[in-house]
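Fold and geometry: a report
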Amino acid sequence: MKKTLILTTALVGTAFAANAQEVTVMSWGGAYTKSQVEAYHKPFTAETGISVNSVDSDNPATPIKAQVEAGNVTVDVADVEFSDAVRLCDEGLLEEIDTSALPAAPDGTPASEDFIEGALQDCAVANIVWSTVFAYNKDNNPTAPDSIDDFFNTADFPGKRGLRKSAKATLEMALMADGVPAAEVYDVLETEEGVDRAFAKLDTIKDDIVWWEAGAQPPQLLADGEVTMSTAYNGRIFNAAVAEGQPLEVVWDGQILDFDLFVIPKGAPNKEEALKFIKFSTDTQRLADQASWISYGPARKSSGALVGKYSDGKTDMAPHMPTAEANLGNALVNNFEFWVDQDAELNERFNAWLAQ
């Protein structure tokens, strides 16, 4: 009898182990990953029984590319920027996603019509609209800056500036600060003269720049007083200001709007579970739920009406969204195709400029 019980217990344990399901999701860390854990990971596991392993990277596109090319893929889902999603897909490094299988909106509107234009791609499904903005520490700026011009004006607004160590967004902001209208930025940047103009503008503050690479760095640089202004992801500044009580303020002028999208690396070990995760996490309710944890706009139209208060129960989220009408006065939408084509060349030029 005892032997039978032991054998039965062993068989049940083996069967459970064989049926255990999991999915590994790579994202950007910090407040952003926390918003995904709360809105996506925990509810997904509760509903499906599939556990979620959360891993972070300063830019998930980089390890994804390396893993696929090495034939050693350990990530099932990655959160990447739009231009990286398109480029990786073009290079054959991502699985195609049948977007017709995504859930419809609550009123029956198919996903193809409910997602914001551009949010659905052959290999990617967007979850958020975010933006690169600049922010300042109110304690360290006697006069409040209110335009992208002020970021480059160290005479009237002295102090160090934080900038992402990347050509993307940095060059566009430099041109807008140099007087190029948002609607003309990419036309100018497509010319050699335009690129020279952007770097010439960066030259004016080069000695005052503190470079950052991870999204968590700008709020810390501002809070510590290492810089008086810094470019940043809008949601990171919101989290530092509202959740942590730091005296930080976003300036929306010159913001650059972008998507982040879920992708599945080619050869993902748990492709079926990855697809289930993406379908679940990009439905109307889940995208609205994420917006209660961080100030990034949902990629579905039907989620907008469901966006309410921050998780503190008192802060209205709508005014903090990059897509709020009041914040779009001088906004630039990232030209994804431009960066797919020009990323390598402009970053090579950027790195050469840094070394000068």
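In what follows, the structure referred to is the one given above.
This write-up is about the structure you can find in this document. (Residues numbered from 1 in each chain as written. Predicted model: local features only at pLDDT ≥ 70, side-chain atom pairs only at ≥ 80, totals over all residues. Heavy atoms only, no water.)

Let us look at the state of the cysteines. A covalent bond between the sulfur atoms of two cysteines is referred to as a disulfide. By the definition in use, this model includes one disulfide. Across the disulfide, Cys89 is cross-linked to Cys123 (sulfur-sulfur distance 2.0 Å). Taking the sign of the torsion about the S-S bond as the criterion, the disulfide between Cys89 and Cys123, at about 50°, is right-handed. With Cys89 in helix α4 (residues 82-90) and Cys123 in the loop between β4 (120-121) and β5 (124-137), this pair connects stretches of sequence that are 34 residues apart. Judged by relative accessible area, which is 2%, Cys123 ranks as buried. (Disulfide = S-S within 2.5 Å. Helix = DSSP H or I, 4+ residues; strand = E, 2+ residues; numbered from the N terminus. Buried < 20%, exposed > 50% of the residue type's maximum accessible area, 1.4 Å probe, protein only.)

Looking now at the pairing of strand β1 (residues 22-27). Side chains on a regular strand alternate between the two faces of the sheet. Within β1, five of the six residues are buried, which leaves it mostly tucked inside the rest of the structure. With six bridges joining them, β1 and strand β2 (residues 51-56) adopt parallel strand pairing. By the bridge assignment, Thr24 is partnered in β2 with Asn53. Handedness of the crossover joining β1 and β2 through helix α2 (residues 30-48): right-handed. Relative to strand β3 (residues 77-81), β1 is paired through two bridges, and the arrangement is parallel. Directly across from Val25, in β3, lies its bridge partner Val77. (Pairing = 2+ DSSP bridges. Right-handed = clockwise from strand over helix to strand, strands pointing away.)

This next bit is on helix α7 (residues 170-177). Of all eight residues making up α7, eight are buried, and the element is well covered by its neighbours. Within α7, burial applies to Thr170, Leu171, Glu172, Met173, Ala174, Leu175, Met176 and Ala177. Taken from the residues just after α7, Gly179 is the one with a positive phi, measuring 100°.

Ranked by internal contacts, the top residues of the largest apolar core, which has 45 residues, are Val23, Val77, Phe115, Phe259, Phe277 and Ile278. When residues of this core are traced back to their parent elements, those giving at least two are β1, α2, α3 (61-70), β3, α4, β5, β9 (248-263) and α12 (271-281). Broken down by element, the residue count for this core peaks at five residues, all from β9. When neighbours within four sequence positions are excluded, Val77 is seen to be in contact with Val23, Thr24, Val25, Met26, Phe262, Val263, Pro265, Ala274, Phe277 and Ile278. Counting residues in each nonpolar core, the second largest holds 36 residues, with Ala174, Leu175, Val188 and Val251 among its members. (Core = buried A, V, L, I, M, F, W, Y, C linked by side-chain atoms within 4.5 Å. Contact = heavy atoms within 4.5 Å.)

The subject of this paragraph is unusual backbone geometry. Positive phi, close to 80°, is recorded for Ala169, a residue that is not glycine. One can find Ala169 in the loop between β6 (161-164) and α7.

Bringing empty space enclosed by the protein into the picture now. Tallying each qualifying case throughout the model produces three cavities of 30 Å³ or more. Taken as a whole, the largest cavity encloses approximately 100 Å³ of empty space. Along the walls of the largest cavity sit Trp28, Tyr32, Glu81, Ile128, Trp130, Tyr233, Arg236, Asp260 and Tyr296, which together make up its complete lining. In terms of residue class, the lining of the largest cavity is made up of six nonpolar, no polar and three charged. By volume, the second largest cavity amounts to about 60 Å³. In terms of lining residues, the second largest cavity is bounded by Thr132, Leu163, Arg164, Lys168, Ala169, Thr170, Met173, Trp212, Thr231 and Tyr233. For the lining of the second largest cavity, the elements supplying multiple residues, two or more each, are β6, α7 and β8 (229-233). (1 Å grid on protein atoms, 1.4 Å probe; cavity = no way out; pocket = protein on both sides within 12 Å on 5 of 7 lines; lining within 4 Å. Points joined across faces, edges and corners; volume = space filled by probe spheres on them. Nonpolar A, V, L, I, M, F, W, Y, C, P; charged D, E, K, R; others polar.)

What follows is about the layout of surface pockets. One number sums up the size of the largest pocket: a volume of about 310 Å³. Contributing to the lining of the largest pocket are 15 residues, with Asn59, Thr62, Asp84, Asp343 and Asn347 lying nearest its centre. Listed by contribution, the elements that provide at least two residues to the lining of the largest pocket are α3, α4 and α14 (336-355). If one sorts the elements of the lining of the largest pocket by residue count, α14 sits on top with four residues. Considered class by class, the residues forming the lining of the largest pocket number two nonpolar, five polar and eight charged. Inspection of the lining of the largest pocket shows a minimum of three residues originating in each of domain 1 (2-129 + 259-313) and domain 2 (132-257 + 325-355). (Domains from an automatic or database assignment.)

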